[in-house]
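# Residue-level structure breakdown
Read off the chains here:
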Amino acid sequence: MYVTAVDNKLTVTNRSSMTGKVNTKELDITFAQFAAWHQGKLIQEVMPNLSADDREFLMTGITPDEWATL
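Residues numbered from 1 in each chain as written. Predicted model: local features only at pLDDT ≥ 70, side-chain atom pairs only at ≥ 80, totals over all residues. Heavy atoms only, no water.

## Here we look at the packing of aromatic side chains
Here the structure, examined in full by the defined rule, presents two aromatic pairs. Arranged with centres 5.9 Å apart and planes meeting at 35°, the rings of F31 and F34 form a pair that is tilted. Of the two residues, F31 and F34 both sit in helix 1 (residues 31–38), three residues apart, roughly one turn of that helix. By the ring-pair criterion, three or more aromatic residues cluster together here, those being F31, F34 and W37. (Phe/Tyr/Trp six-rings, centres within 6.5 Å; stacked < 30°, edge-to-face > 60°. Helix = DSSP H or I, 4+ residues; strand = E, 2+ residues; numbered from the N terminus.)

What follows is the structure, encoded as C-alpha cells:
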C-alpha cells in the first residue's frame, strides 16, 4: 500500500487481495485518521465519514467492481 497526503485527503494505492490488481483511490481522510487505524483503532470509528466500500478498499484493496464480478 502506498499513501500520499495532499491537503486533507489521502491518495491510496493498494493491491487487491482478490485479484492482485493495483488500484488507486483518493479518500477524504487525514493522515492522522489513517495513522490511528494503522495503529490498531477500528476503521469505522476513526473514519466514520468513509463509505463501507472505501473502508474495504483501504483494508483489502478490493473495489466494488471486483465484488460485483465475484
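## Examining the sheet that holds strand 1 (residues 2–6)
One open sheet holds the three strands; their spatial order is 1-2-3, and the pairing between them is antiparallel. At either end of the open sheet lies a strand with only one pairing partner, and these are strand 1 and strand 3 (22–27). Taken pair by pair, the neighbouring strands of this sheet meet at an average axis angle of 15°, ignoring direction. Pairing between strand 1 and strand 2 (residues 9–15): five bridges, direction antiparallel. (Pairing = 2+ DSSP bridges. Axes fitted to C-alpha atoms, helices over the stretch in contact; angles between N-to-C directions.)

## Structural notes on the side chain of R55
Among the secondary structure elements, R55 is positioned in helix 3 (residues 52–60). Of the buried charged residues, R55 lacks a salt bridge, with E56 as the closest side chain of opposite charge at 8.1 Å. R55 has contacts with I43, Q44, M47, P48 and L50, leaving out every residue within four places of it along the chain. (Buried < 20%, exposed > 50% of the residue type's maximum accessible area, 1.4 Å probe, protein only. Lys, Arg positive; Asp, Glu negative; His and termini not counted. Salt bridge = Lys/Arg side-chain N within 4 Å of Asp/Glu carboxyl O. Contact = heavy atoms within 4.5 Å.)

## Structural notes on the environment of N23
Turning to its location among the elements, N23 is positioned in strand 3. With 11 residues separating them in the primary sequence, N23 and V12 have C-alpha atoms 8.2 Å apart. When residues no more than four places from it in sequence are discounted, the contact partners of N23 are V12, T13, N14, S16, F57, G61, T63 and E66.

## Structural notes on a nonpolar patch on the surface
Where nonpolar side chains cluster on the molecular surface, the patch consists of M18, W67 and L70 and spans about 320 Å² of accessible area. Tracing the chain through its elements places L70 in the segment after helix 4 (64–69). (Patch = residues over 30% accessible without salt bridge, like charges linked within 9 Å, V, L, I, M, F, W, Y side chains within 5 Å. Areas by Shrake-Rupley, 256 points an atom, 1.4 Å probe, with all protein chains shown as cover.)

## Some details on the nonpolar core
By size, the foremost hydrophobic cluster in this structure holds 13 residues, and its most contacted members are V12, L27, I29, F34, W37, M47 and L58. Ranked by the residues each element gives to this core, the list is headed by helix 1, at three residues. Leaving out residues up to four positions away in the same chain, L27 has contacts with K9, L10, V12, L50, D54 and L58. (Core = buried A, V, L, I, M, F, W, Y, C linked by side-chain atoms within 4.5 Å.)

## Observations concerning the confidence of the model for the protein chain
Looking at the protein chain, pLDDT values average 93 and 100% of them are 70 or higher. The least confident element of the protein chain is strand 1, whose mean pLDDT is 87; the most confident is helix 2 (residues 43–46), at 97. (pLDDT = per-residue confidence, 0-100.)

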